[in-house]
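# Residue-level structure breakdown
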Amino acid sequence: MSDVTHRLSAEGADPLALAGVNDTNLQELERATGVRVALRGDQFTLAGEIGAVERAARVASTMIDLARMGNELTSDDVRRLAEEGETGTLARATDRDQRIALPGARRVIQPKTAGQREYVAGMRENDIVIGIGPAGTGKTYLAVAMGVEALARKLVRRLVLARPAVEAGERLGFLPGDLQAKVDPYLRPLYDALEDMMPPERVQKALETRTIEIAPLAYMRGRTLADAFIILDEAQNVTGGQMKMFLTRMGVNSRAVVIGDQTQIDLENREDSGLIQIERILPGIEGVSFCYLEERDVVRHRLVRDIIRAYAEDQGS
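A short tour of the structure in this document, coming up.

What counts, and where the lines are drawn
Residues numbered from 1 in each chain as written. Predicted model: local features only at pLDDT ≥ 70, side-chain atom pairs only at ≥ 80, totals over all residues. Heavy atoms only, no water. Pairing = 2+ DSSP bridges. Helix = DSSP H or I, 4+ residues; strand = E, 2+ residues; numbered from the N terminus. Axes fitted to C-alpha atoms, helices over the stretch in contact; angles between N-to-C directions. Contact = heavy atoms within 4.5 Å. Salt bridge = Lys/Arg side-chain N within 4 Å of Asp/Glu carboxyl O. Buried < 20%, exposed > 50% of the residue type's maximum accessible area, 1.4 Å probe, protein only.

The next point concerns the sheet that holds strand S6 (residues 212-216). Across the sheet, which stays open at both edges, the six strands sit in the order S6-S5-S7-S8-S4-S9 with parallel pairing between neighbours. Edge positions in the sheet fall to S6 and strand S9 (288-292), since each of these pairs with one other strand and no more. The mean angle between the axes of side-by-side strands here comes to 15 degrees, regardless of whether they run parallel or antiparallel. As paired elements, strand S7 (residues 228-232) and strand S8 (residues 255-260) share four bridges and run parallel to each other. The partner of Leu232 across the bridge, within S8, is Val258. Along the sheet face, helix H7 (residues 139-152) touches strand S4 (128-132), strand S5 (158-163), S6, S7 and S8 and points at about 170 degrees away from the line of S7.

Turning our eyes to something else, we now look at the side chain of Arg158. Checked against the element boundaries, Arg158 lands in strand S5. Filtering out sequence-adjacent residues up to four positions away, Arg158 remains in contact with Leu151, Arg210, Thr211, Arg223, Thr224, Leu225, Ala226, Asp227, Ala228 and Phe229.

To continue, consider the pattern of salt bridges. Going through the model one piece at a time under the given rule, you end up with 17 salt bridges. Residue Asp76 pairs with Arg79 through a salt bridge whose shortest N-O separation is 3.5 Å. A residue pair is termed a helical-turn pair when its members lie 3 or 4 positions apart in one helix, as Asp76 and Arg79 do in helix H4 (residues 75-87) at three residues. With respect to class, Asp76 is no different from Arg79; both count as buried. Of the charged contacts, one joins Glu234 and Arg163 as a salt bridge, the two residues approaching to 3.2 Å between their closest N and O atoms. One end of the pair, Glu234, is in the loop between S7 and helix H10 (240-247); the other, Arg163, is in strand S5, with 71 residues separating them in the sequence. Taking the relative accessible area as the measure of exposure, Glu234 reaches 26% and is therefore partly exposed. A relative accessible area of 11% means that Arg163 is categorised as buried. Taken together, the salt bridges that share partners define one network made up of Asp76, Arg79 and Glu83.

Honestly, that's just the spatial picture; any functional story needs more than this.
Right under this line is the structure:
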């Protein structure tokens, strides 16, 4: 079968954002689709077998539109776009543009996969969202970004981030320092996400004024959290009683996001997990949304997806 050549106009797209450093995005498109790719000036050229070129053209068109919209594409982004093209889930650039508006953020934050887009839409539309999925799918990062956006837009007055201090094979008592020093390592991922979205001085000021609060779940008992965006991370390690306590903290004009990974339960008895219990108890309640992210939604290093798959296969054997 003879090869065909297809040309697309890339006018208005930043060449570096489109091609990537050292043309890594173009190389990934070639690897993923099996076509020859070239970018010369404003012309994006695809050459190869007609079916492959047609599939690659849809991906390239989305890449061009995203670059025109100011997105900085990576080779991992191109790989995900190509996979969506293969599965028929490739959305138009305008449909996938769900940017989370953060003043002063170092970069644009937005969902990168179909599962992440559903997750963000769920957080915009529901008062309680339960995000369940494996490591690396952006569950915590996107929830924190949505909380920071709600705070910046004055939709809420407080952002409350909670995590259980579960001892996964280690003992808190042997850690040095006072109680806060002992629990801080468990809360570090939440600090890291915040510091990636806000200037350090703003994070520090918000923590001092308690506009943003990061604390172990046990500190939530007995409180009413009104006018707040509340996030419970690592929910698979929360007991049923703790989960009920957390969910009943919600006050007027509050939203809650519960995040967990059922493959990483550190409780002695798996069935004690409050995350497993609410899957059974809460479906069907209006305003409560369950969002399941999967292996294909992993946005960390590409090996993370392979590692998750390998562990799943080993446990299933």
